[in-house]
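As a plain string of letters, each chain reads:
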Amino acid sequence: MAEFECRLKQYRQIKDLTQEQLAEKVGVRRETIMRLEKAQYNPSLKLAIDISRVVEAPIEEIFVFR
């Protein structure tokens, strides 16, 4: 399985959003955002796109598979 790195926290903080605020904007629970930031959860394509739009960063910059 490919190694997964998530840079969501950096992009979320640049937009001055809390985990709760981001979760609300993309329609998930805060725990989902927390697990994403710890690279414990791979997002669905829809969720990745929604997050990308909110933080205004390309998906491949937020979610990195090596």
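Residues numbered from 1 in each chain as written. Predicted model: local features only at pLDDT ≥ 70, side-chain atom pairs only at ≥ 80, totals over all residues. Heavy atoms only, no water.

**Side note on the environment of lysine 46**
- As for its placement among the helices and strands, lysine 46 is situated in helix 4 (residues 45-55).
- We classify lysine 46 as exposed; its relative accessible area is 58%.
- Considering only alpha carbons, one finds lysine 46 and valine 26, 20 residues apart in sequence, at a separation of 9.5 Å.
- At 2.7 Å, the side chain of lysine 46 and the side chain of aspartate 50 are in polar contact. (Helix = DSSP H or I, 4+ residues; strand = E, 2+ residues; numbered from the N terminus. Buried < 20%, exposed > 50% of the residue type's maximum accessible area, 1.4 Å probe, protein only. Polar contact = N/O pair within 3.5 Å; in protein donor to acceptor, adjacent residues only side chain to side chain.)

**Some thoughts on the packing of helix 2 (residues 19-26) against helix 3 (residues 30-37)**
- As a packed pair, helix 2 and helix 3 sit with axes 8 Å apart at the nearest point and diverge in direction by 110°. Between helix 2 and helix 3, the crossing angle belongs to the class labelled roughly perpendicular. Where helix 2 crosses over helix 3, the two elements pack in a sense that is right-handed. Between helix 2, through Gln19, Glu20, Leu22, Ala23 and Val26, and helix 3, the contact on the second element is made entirely by Arg30, Ile33, Met34 and Glu37.
- Here the contact of helix 2 with helix 3 is composed, by residue class, of five nonpolar, one polar and three charged. (Axes fitted to C-alpha atoms, helices over the stretch in contact; angles between N-to-C directions. Parallel < 35°, antiparallel > 145°, perpendicular 65-115°, else oblique. Left-handed = near helix turned anticlockwise from the far one by under 90°. Contact = heavy atoms within 4.5 Å. Nonpolar A, V, L, I, M, F, W, Y, C, P; charged D, E, K, R; others polar.)

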